[in-house]
Amino acid sequence: MALSQDHIFPTTPMGANLTAGGATFRVWAPRARDVYVCGDFNGWLRNDSTQLTRQPDGRWTGFVAGATDGNKYKFYIVGEGSEGFKRDPYARELTREWPNPSCIIRLAVSFPWQDWNWRMPEFSDLIIYQLHIGTWYGLGLPNRVATFLDVLARIEYLADLGINAIEPLPIGEYSTPRSMGYNGSDLFSPEMDYFVSSAELDPYLALANRLLAQKGKSPLTREILEIGINQLKVLIDICHHYNIAVIFDMVYNHASGDIRGQAESLYFFDRAAGMHPNDSLYFSDRDHTGPVFAMWNSDVRQFLIDNAAFFADEYHVDGFRYDQVTVIDQENIGSGWLFCQHLNQTIRSRDPAVINIAEYWGPEPAVVRPMEQAGADFDASWHDGQRLAIRALIKQAAAGRDAPLDWQGVVDQIRAPGFRDAWRAVQCVESHDEVYRDRSERIPLLAAGGGNTRTWYATSRSRVATGLLLTLPGIPMIFMGQEFYEDKKWADDPVNHPDTLIFWGGLDSDRTMSDFHRFTRELIGLRRRQPALRGEQIKVLMMDNFQRVLVFHRWLERLGRDTVVVVSLNEQTMSNFRVPMPGAGPWLEIFNSDAYERWINPAIAGNGGMVSATEEPMNDMSCSAAITIPANGILVFSRDYGD
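Note that the structure is predicted; figures quoted are calculated from it, not measured.

Let's talk about helix H5 (residues 228-241)
The end-to-end C-alpha distance of H5 is 21 Å, a good match for the 20 Å that 14 residues give at a rise of 1.5 Å each. Here H5 lies mainly inside the structure; 14 of its 14 residues are buried. Positive backbone phi, at 60 degrees, marks Asn 243, one or two positions downstream of H5.

Below, the structure is given as structure tokens:
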């Protein structure tokens, strides 16, 4: 006799879910002949007593009395082409028994969240910090993979830096020993190698409880953190207590190519006959470093939407960055765009404070248009306009003082062309893709022209690059190490690629790195204090390619709060240099990048904290001011010191 259908309803969640007296199981396998659930709760038996019941929608259901939290299980699928175990596509956690781990039943509410007072920042106020869990920070690197709990040791550092969101590279389970994370195999289960074993747990528990106590929160017990998935949840919970949002990087354009050779994976889940990829249930015959999800199938689309909703609900995630939406669209003509619309509508209806960010290369303004205007309805999109323009500009400057330099590329991308709001473009000058081990240089090396990164030329140009990013419109994103002048490319497998870890020791031992860290931290603070720097309005007041000077005005519509940013890549300090200004009278010099060259620079070139604009017209402005512009510098002027 098949398993009981107690507690089974049309709304019963997919996967394994604990309820009164046991657990419900629900799995999609429309072409299977029989489906069984085998696990610790039934001695891994496969007979009539462990058989699920087929439902008209192709799902199989059953209730197992006595199933409890921590029980291991798998589905056994009998199909037209083969039979054998399959992992639950919705499994919350897996055992560390690769290549054939078991699924673990987990209570959805096993973690005691304390972030009830947390509020996501306004999207336009975000400053994102991108990092890779496995290599960012941890004891024993590079021979050991860093973990979720290792990040806790740098929470206070991130809060002090001033960023208000972190964006880890994908954290879903992948099958290789090391990875960037874009080869996911089990979408609902966090990467097992990012968990800390029970034997290692005590110092992490003490650290977590110290961080919680500092915010007046209750301590955690060892039993809570012995559950692997709770280690990711405590990281998110503590981030919220320190005013840091968490944005997950989701990969819905493809799965890992490895799953094709893994008998218990998602590939050919219902074990249909044949070998054609279009018969593999979840995937099509298209490939993008792995099989592409079959977006034409509404059940596949729902599976992926369920995945994002799951992390928003059970992990309190504040947003998502969706990898290569370009592929989702172009490899699934019609259905890919429809999936994006349904995904965004679903997540927004559940929690409008969750941000949805696309990676769509073009870039394409329709990606952030609302659904009623035939857009994909993402809140924001990665944008390469400022990245390409600023990097090209720094490369020109690195060719020397007499080399031609043209600001036009930056001016053209000063506000994302065609985007309905400037903040809807996530801008950067470095990212995991840009500065990976076999790709482009990090900014310090680019600024040095491939030479010594410890010269004034390299540091000052690098300050200009980061300064532009943090004063131009858009959501700025900083890549790990960029904030303290890391000049080495990075790798996800530092054991095989030595000298690719970021150098944390430089904050204490390298004056250049500590000074640059101070520069970044204080400029982030300035952006957070001056609302015009986060706003929509911008106007270029001067573009002088001969003198290598760019001046732009930021303000808030109807409120003012004017700021003027002066940027120079001239290798000489210029005195009595007249620039247009939006109004007469005193202007406070609230930031001068020259101060950070061997902080505090005893030979700083600047304006003593204030300039006076007079009613002398210049360009199309009625006022102007004679100022001193430091060589390779960035100045910010305002009417006030900020909020």
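Following the structure, the description resumes.
A short note on unusual backbone geometry
In the segment running from Trp 98 into Pro 99, the intervening peptide bond is cis, with an omega of 20 degrees. Residue placement: Pro 99 occurs in the loop between strand E8 (93-94) and strand E9 (103-104). The omega torsion of the bond from Trp 599 to Ile 600 falls at -15 degrees, within 30 degrees of zero and hence cis. Mapped onto the fold, Ile 600 is located in the loop between strand E26 (585-592) and strand E27 (610-613). Residues other than glycine seldom take positive phi values, yet Ala 374 does so here, at roughly 70 degrees. Considering the arrangement of structural elements, one finds Ala 374 in the loop between strand E18 (355-358) and strand E19 (380-382). Assessed through its relative accessible area of 53%, Ala 374 is described here as exposed.

So, the domain arrangement of the protein chain
Quite often, the size of an interface is put as the accessible area lost when its parts meet. Each domain of the protein chain was delimited in the assignment, giving domain 1 (15-105) and domain 2 (536-638). With centres defined by C-alpha atoms, the gap from domain 1 to domain 2 works out at 65 Å.

A look at the packing of aromatic side chains
Counted by the stated rule, this structure contains 46 aromatic pairs. Ring geometry for Tyr 76 and Phe 85: centres 5.3 Å apart, planes at 85 degrees, overall edge-to-face. The exposure class of Phe 85 is partly exposed, given its relative accessible area of 25%. The ring of Tyr 315 has Lys 233 sitting right over it, with the charged end atom 5.0 Å from the ring centre.

Description of the pattern of salt bridges
If you walk through the whole model with that rule in mind, you get 46 salt bridges. With its nearest N and O atoms 2.8 Å apart, the salt bridge here joins Arg 87 to Asp 186. Of this pair, Arg 87 sits in the loop between strand E7 (83-86) and E8 while Asp 186 sits in strand E13 (residues 184-190), and the two are 99 residues apart along the sequence. For the pair formed by Arg 87 and Asp 186, the shared burial category is buried. Arg 511 is the partner of Asp 515 in a salt bridge, and the nearest nitrogen-oxygen pair spans 3.2 Å.

So, the pairing of strand E29 (residues 634-638)
In terms of residue burial, E29 counts as a mostly covered element, since five of its five residues are buried. The two faces of E29 match: Ile 634, Val 636 and Ser 638 on one face and Leu 635 and Phe 637 on the other face are all buried. Where E26 meets E29, four bridges bridge the pair, whose relative direction is antiparallel. Of the residues in E29, the one forming a bridge with Leu 588 is Ser 638.

Describing the UniProt feature "domain: Glycosyl hydrolase family 13 catalytic" (unreviewed entry) in the protein chain
Listed under "domain: Glycosyl hydrolase family 13 catalytic" (unreviewed entry) in the UniProt record, and renumbered for this structure, are residues 139-527. For the annotated span residues 139-527, helix accounts for 36% and strand for 12% of the residues, and the straight-line distance between the end C-alpha atoms is 33 Å.

A few points about helix H12 (residues 456-471)
With 16 residues, H12 should cover 22 Å at 1.5 Å per step; its first-to-last C-alpha distance of 22 Å lies within 8% of that length. Across the 16 residues that make up H12, a large majority, 14, are buried.

With respect to the sheet that holds E19
Ordered in space as E10-E11-E14-E17-E18-E19-E20-E21, the eight strands form a closed barrel in which the pairing is parallel. On average, each strand axis in the sheet is tilted by 30 degrees relative to the strand beside it, whichever way the strands run. Across three bridges, the pairing between strand E10 (residues 128-131) and strand E21 (residues 475-479) is parallel. Among the inter-strand pairings, Gln 130 is bridged to a residue of E21, identified as Phe 479.

Calculation criteria
- Residues numbered from 1 in each chain as written.
- Predicted model: local features only at pLDDT ≥ 70, side-chain atom pairs only at ≥ 80, totals over all residues.
- Heavy atoms only, no water.
- Helix = DSSP H or I, 4+ residues; strand = E, 2+ residues; numbered from the N terminus.
- Expected span 1.5 Å × (residues − 1).
- Buried < 20%, exposed > 50% of the residue type's maximum accessible area, 1.4 Å probe, protein only.
- Domains from an automatic or database assignment.
- Phe/Tyr/Trp six-rings, centres within 6.5 Å; stacked < 30°, edge-to-face > 60°.
- Lys NZ or Arg CZ within 6 Å of the ring centre and 35° of its normal.
- Salt bridge = Lys/Arg side-chain N within 4 Å of Asp/Glu carboxyl O.
- Pairing = 2+ DSSP bridges.
- UniProt positions renumbered as here; feature names shortened; annotations may be inferred.
- Axes fitted to C-alpha atoms, helices over the stretch in contact; angles between N-to-C directions.

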